[in-house]
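# A closer look at the structure
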Amino acid sequence: MPCMDDTIASPELAIAEPLTVIDALFQARSGAGGPPEAAWGEREHFLRALGLDDEQSYAKVPCLNDMASTDFAKRLSLVRYRGLVQDIFEPEIYVAMLEEQDASTTPAPGTSRIITTKYRESIEPAPGKVLKDVGRDGLSQRGACYLVPLPGETPWA
């Protein structure tokens, strides 16, 4: 994996702005020649940057179970949730990569780049840019499950 700048490797940024880190990792990997594979090292990066093998480091990631309301979680930050898987849905196919181009009618060569939509429900183009489908190569698959709270951990129990 390409050497990441210390800012991207900081645990604080990984928790506060994980999508910024994801985008930087994706650009570093896709800049190395063509779009990356479905897994391009983001999981390993977060395990290493946050030290998730250590329980004390793991506890630094905010947990939704410990908050009175989800309103206390910073928007788009990394959080944990303890729960039981109640249902596993069919795998869903989603657009994992898009091409970002200038909005002008004839974009100049070399002004487009591949961006990732992984870990997002939706994505908006940057000002002056448009998003184009890259075809089948941009598709991927992800699993979704339904979690329920652990029995006996709610305040009213």
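Before going further, it helps to examine the layout of surface pockets. Approximately 970 Å³ is the volume found for the largest pocket. Surrounding the largest pocket, 26 residues form its lining, Pro18, Ile22, Leu78, Val79 and Tyr119 being those nearest its centre. Elements supplying a minimum of two residues to the lining of the largest pocket: α3 (18–30), α4 (42–50) and β2 (92–95). Counting residues per element, the lining of the largest pocket draws most heavily on α4, which supplies five residues. The residue inventory of the lining of the largest pocket, partitioned by class, reads 16 nonpolar, two polar and eight charged.

Attention shifts here to α3. In an α-helix, one turn spans 3.6 residues; hence positions three or four apart end up facing the same way. The end-to-end C-alpha distance of α3 is 18 Å, a good match for the 18 Å that 13 residues give at a rise of 1.5 Å each. Looking only at α3, the buried set comprises Pro18, Leu19, Val21, Ile22, Leu25, Phe26 and Ser30. Along the long axis of α3, the arc covered by the buried residues comes to 155°, so they all point the same way.

The next point concerns the confidence of the model for the protein chain. Looking at the protein chain, pLDDT values average 86 and 87% of them are 70 or higher. Here helix α1 (residues 6–9) stands out as the least confident element of the protein chain, with mean pLDDT 66; strand β1 (residues 83–88) is the most confident, with 96.

In this section: the pattern of salt bridges. For the coordinates displayed, the defined rule picks out six salt bridges. The closest approach of N and O atoms between arginine 120 and aspartate 23, which form a salt bridge, is 2.8 Å. A residue pair is termed long-range when its members are at least 10 positions apart, and arginine 120 in the loop between β4 (113–116) and β5 (129–133) and aspartate 23 in helix α3 qualify at 97 residues. Note on aspartate 23: relative accessible area 30%, which makes it partly exposed. One salt bridge in this structure joins lysine 118 and glutamate 42, with 2.6 Å as the shortest N-O distance. Here lysine 118, found in the loop between β4 and β5, pairs with glutamate 42, found in helix α4; they are 76 residues apart in sequence, far enough to count as distant. Judged by relative accessible area, lysine 118 falls into the buried class, the value being 14%. Its relative accessible area of 4% is what places glutamate 42 among the buried residues.

Below, the discussion takes up the nonpolar core. One finds Val21, Leu25, Trp40, Phe46 and Leu50 to be the most contacted residues of the largest nonpolar core, which totals 13 residues. Every element with two or more residues in this core is listed here: α2 (11–16), α3 and α4. A total of four residues in this core trace back to one element, the largest contributor, which is α3. Setting aside chain neighbours within four positions, we find leucine 50 in contact with Pro11, Ala14, Ile15, Ser57, Val61 and Leu78.

Quick notes on the rules
Residues numbered from 1 in each chain as written. Predicted model: local features only at pLDDT ≥ 70, side-chain atom pairs only at ≥ 80, totals over all residues. Heavy atoms only, no water. 1 Å grid on protein atoms, 1.4 Å probe; cavity = no way out; pocket = protein on both sides within 12 Å on 5 of 7 lines; lining within 4 Å. Points joined across faces, edges and corners; volume = space filled by probe spheres on them. Helix = DSSP H or I, 4+ residues; strand = E, 2+ residues; numbered from the N terminus. Nonpolar A, V, L, I, M, F, W, Y, C, P; charged D, E, K, R; others polar. Expected span 1.5 Å × (residues − 1). Buried < 20%, exposed > 50% of the residue type's maximum accessible area, 1.4 Å probe, protein only. Arc of directions from axis to C-beta. pLDDT = per-residue confidence, 0-100. Salt bridge = Lys/Arg side-chain N within 4 Å of Asp/Glu carboxyl O. Core = buried A, V, L, I, M, F, W, Y, C linked by side-chain atoms within 4.5 Å. Contact = heavy atoms within 4.5 Å.

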